[in-house]
Amino acid sequence: MRKVSIFGATGSIGQNTIDLIARAPESYDVVALTGGHNIEQLAADAQRVGANLAVTAFDARLDDLKNALAGTGVEAASGQAALTEAASRPADWVMSAIVGAAGLAPGLEALKHGATLALANKESLVCAGSLMLETARTHDACLLPVDSEHSAIFQALVGEDMGAVERIIITASGGAFRDWPLVDLENATPDQASSHPNWDMGQRITIDSASMFNKAMEVIETREFFGVSPDQIEVIVHPESMVHALVGFRDGALMAHLGAPDMRHAIGYALHWPDRLDLPVERLDLAKLGQLNFRAPEDARYPALRLARWVMERGGLSGAVFNGAKERALDHFIAGRIGFLDMAILVEQVLDRFEAGSGLIDAAMTLDNVTETDHLARQWTDDAMVNRA
Ligand code: NDP
Ligand code: MG
């Protein structure tokens, strides 16, 4: 039996992971499941998969969790320290699927204990890529991609020498507003941005897909994961979301990874790696599909991609600034306080302010410094809002 834990078990990735694990209960011993506000789901799943421990990130929800788990034998806990403690419990395989920078600390802790960390939480790599990789190396832990594009790249690279790689192309659906006239974007609402043409995902990443902040994060994630230079990474809009990524080699060959837009592909690959086992996902019917389309992303529509290029060139803690400001700007957009296009404007202002003076971007990449930078970036996003008013 493999010992597994799932961080962010109540979310979209977490639920898909539980779906796969619950299909083969004899293979897994579930150590811990974590969630946030969705106590009902967390308690139900903890019982269903026989978890030893269930953690809610929020202390105010602990009593609810205890009540929901009364008499079940599942231990209940809450808060940041409990998340970190859960990540320190011995496990062979840990899913990192908390949304946002909150996923960083538990992921690092799991790596420190030598686990194989299946990483859906791209924010960890954007905020603290070299810290994550270094921690994995030092503790003989393994980091596997779960983001569909990065899983696709990883699969296309099996047996290949990185020296033979010329470029990596990640695809983007283009999100909810792909075909909207540019002038209409200003008035796009959170509800409109929350519907993805192809993928069924959490609300935050769905809105990030519409703004391409998600793809911007993934470009940075690609650089961190595969160690390629920024100019080797390309983004192409591919409305069907069937090709997830392509790797171009020095002989001109281009290896593409195709699959139905179902995250159980990438989660299952990380779960069973290096083997391939049966997965309950749709098989593509290419004749029925007929054609696949590709087009270059328009710079004016997707300013987030330009900001990601700046972050990659700048390095240091600029990724933590970028992510913190983006998360806060997204909070404001969801709450209806700013418009859709204001998100990129705010993030750029915060990056400029950091670059202009504080020297914080060049501080050492430690968990404390990343956390401090993240908090300050959020605060400066709020400042930028006030200055606009
Ligand atoms: P969801 O919003 O669906 O789920 C997020 C999970 O994190 C939930 O379990 C939620 O708990 C929990 N959570 C929320 N806030 C906190 C917090 N402050 N501390 C601890 N836990 C918290 O997100 P997704 O599943 O869509 O995404 C998860 C991660 O995977 C993200 O990093 C995303 O970018 C990445 N990803 C997602 C893909 C997808 O298809 N969804 C594809 C590729 C990457 P609760 O709901 O109980 O409040
Ligand atoms: Mg992705």
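All figures in this text were calculated on a predicted structure; none of them were measured in a lab.

### Topic: the site of ligand 1
Reasoning step 1: Near ligand 1, the surroundings consist of 27 residues, among which Gly11, Gly36, Ala57, Met201 and Gly202 are the closest.
Reasoning step 2: When residues of the shell around ligand 1 are traced back to their parent elements, those giving at least two are helix H1 (12-22), helix H6 (122-138) and helix H9 (203-211).
Reasoning step 3: In terms of residues, the shell around ligand 1 owes the most to one element, H1, which gives three residues.

### A look at the environment of Ala363
Reasoning step 1: Here Ala363 is to be found in the loop between helix H15 (342-358) and helix H16 (367-388).
Reasoning step 2: When the 16 C-beta atoms within 10 Å are taken as the criterion, Ala363 is described as partly exposed.
Reasoning step 3: Considered as a pair, Ala363 and Gln47 are 316 residues apart in the sequence and their alpha carbons are 44 Å apart.

### As for the sheet that holds strand S1 (residues 2-7)
Reasoning step 1: Taken in spatial order, the seven strands line up as S4-S3-S2-S1-S5-S6-S7 in an open sheet, and their pairing is parallel. With one partner strand each, in any of the chains shown, strand S4 (75-78) and strand S7 (142-145) form the two edges of the open sheet. The sheet shows a mean angle of 20° between the axes of neighbouring strands, direction not considered.

### So, the packing of helix H4 (residues 80-88) against helix H5 (residues 104-112)
Reasoning step 1: Between H4 and H5, whose axes approach to 8 Å, the crossing angle comes to 25°. Accordingly, the angle class assigned to the pair H4 and H5 is roughly parallel. For the pair H4 and H5, the sense of crossing is right-handed. On H5, the residues that touch Gln80, Leu83, Thr84, Ala87 and Ser88 of H4 are Ala105, Pro106, Glu109 and Ala110.
Reasoning step 2: Considered class by class, the residues forming the contact of H4 with H5 number five nonpolar, three polar and one charged.

Scoring rules and cut-offs
- Residues numbered from 1 in each chain as written.
- Chains lettered and ligands numbered in written order.
- Predicted model: local features only at pLDDT ≥ 70, side-chain atom pairs only at ≥ 80, totals over all residues.
- Near = placed C-beta within 6 Å.
- Helix = DSSP H or I, 4+ residues; strand = E, 2+ residues; numbered from the N terminus.
- Buried ≥ 20, exposed ≤ 12 C-beta atoms within 10 Å, placed from the backbone.
- Pairing = 2+ DSSP bridges.
- Axes fitted to C-alpha atoms, helices over the stretch in contact; angles between N-to-C directions.
- Parallel < 35°, antiparallel > 145°, perpendicular 65-115°, else oblique.
- Left-handed = near helix turned anticlockwise from the far one by under 90°.
- Contact = placed C-beta atoms within 7 Å.
- Nonpolar A, V, L, I, M, F, W, Y, C, P; charged D, E, K, R; others polar.

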